[in-house]
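Working through the structure, step by step
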Amino acid sequence: MTERTGDRPELIEKVIKISRVAKVVKGGRRFSFSALVIVGNGQGRVGFSLGKANEVTEAIRKGIEKATKSMKHVVSEGRTIPHPVIGRFGSSRVIMKPAEAGRGIIASGPVRAVMEAAGIADVSAKTRCSSSSRSKRSPSAAGCRWSACGRSRPRPPASSARIRRSRP
């Protein structure tokens, strides 16, 4: 993963993965590249996209443009998420739980990148997918977190108090 500062310094841009794609044609193989990119402002908005082009720099630029257009709002309570959330993307799942202040981001690489770009500093996450280390760094893990952005809702103060009272 690499981090870039783009034209707009207020956006955090992170390249999660760059893949070389080969297409077999009559004269041999044609190579192109795809880049998985996360863009966030560090204050609750984050975007996720895949850019494809014949050159790496062009693929990253296209990914940043698409991710900027597809930014979602992430609900947070201070430096963490308000309640446990399960993100789903393809066959992968990411389970995220709020953490105490100062605990930090406990998550795999792509999920960590989304959290940092969104400005969430304390969260615990578990990626549930294939046991191979390659899939834990895959686009599906970042997609799970990004899809969960729409699922998290702010918790009303009355329900928080009710939950605390019901615990033994």
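The structure under discussion appears in the preceding block.
As the structure is a computational prediction, the values presented were derived from the model and not from experiment.

Moving on: the pattern of salt bridges. Applying the stated criterion across every chain yields a total of five salt bridges. The shortest N-O distance in the salt bridge between E58 and R61 comes to 2.3 Å. Of this pair, E58 and R61 both sit in helix α1 (residues 56-69), separated by three residues, roughly a single helical turn. Owing to a relative accessible area of 35%, R61 belongs among the partly exposed residues under this scheme. Residues R61 and E65 are paired through a salt bridge, measuring 2.4 Å at the closest nitrogen-oxygen approach. One end of the pair, R61, and the other, E65, are both in helix α1, four residues apart, so they sit about a helical turn from each other. Via salt bridges that share partners, E58, R61 and E65 belong to a single interconnected network.

Take the sheet that holds strand β6 (residues 85-89) next. Taken together, the four strands give an open sheet; going across it, the order is β6-β7-β9-β8, and neighbouring strands pair in mixed fashion. In this open sheet, the two edge strands, each paired with only one partner strand, are β6 and β8 (105-106). Where β6 lies against strand β7 (residues 92-98), five bridges are found, and the strand directions are antiparallel. Bridge pairing in β7 links I86 to I95.

In this section: the environment of V75. Mapped onto the elements of the fold, V75 is located in the loop between β5 (72-73) and β6. In the structure, V75 is positioned 43 residues away from A118 in sequence and 9.5 Å away in space, judged by C-alpha atoms.

Turning our attention to the nonpolar core. Among the nonpolar cores identified, the biggest contains 21 residues, and I38, V46, M96, M115, I120 and V123 are the most heavily contacted of them. Looking at this core, the elements with two or more residues in it are β3 (28-40), β4 (45-53), β7, α2 (109-118) and β9 (123-128). In terms of residue count, the dominant contributor to this core is α2 (six residues).

This part takes up the environment of G119. Its place among the elements puts G119 in the loop between α2 and β9. For G119, a relative accessible area of 35% corresponds to the partly exposed category. Distance from G119 to V74, taken between C-alpha atoms, is 9.0 Å for residues 45 residues apart in sequence.

Thresholds applied
Residues numbered from 1 in each chain as written. Predicted model: local features only at pLDDT ≥ 70, side-chain atom pairs only at ≥ 80, totals over all residues. Heavy atoms only, no water. Salt bridge = Lys/Arg side-chain N within 4 Å of Asp/Glu carboxyl O. Helix = DSSP H or I, 4+ residues; strand = E, 2+ residues; numbered from the N terminus. Buried < 20%, exposed > 50% of the residue type's maximum accessible area, 1.4 Å probe, protein only. Pairing = 2+ DSSP bridges. Core = buried A, V, L, I, M, F, W, Y, C linked by side-chain atoms within 4.5 Å.

So, to be careful, I would describe these as geometric facts and stop short of saying anything about function.
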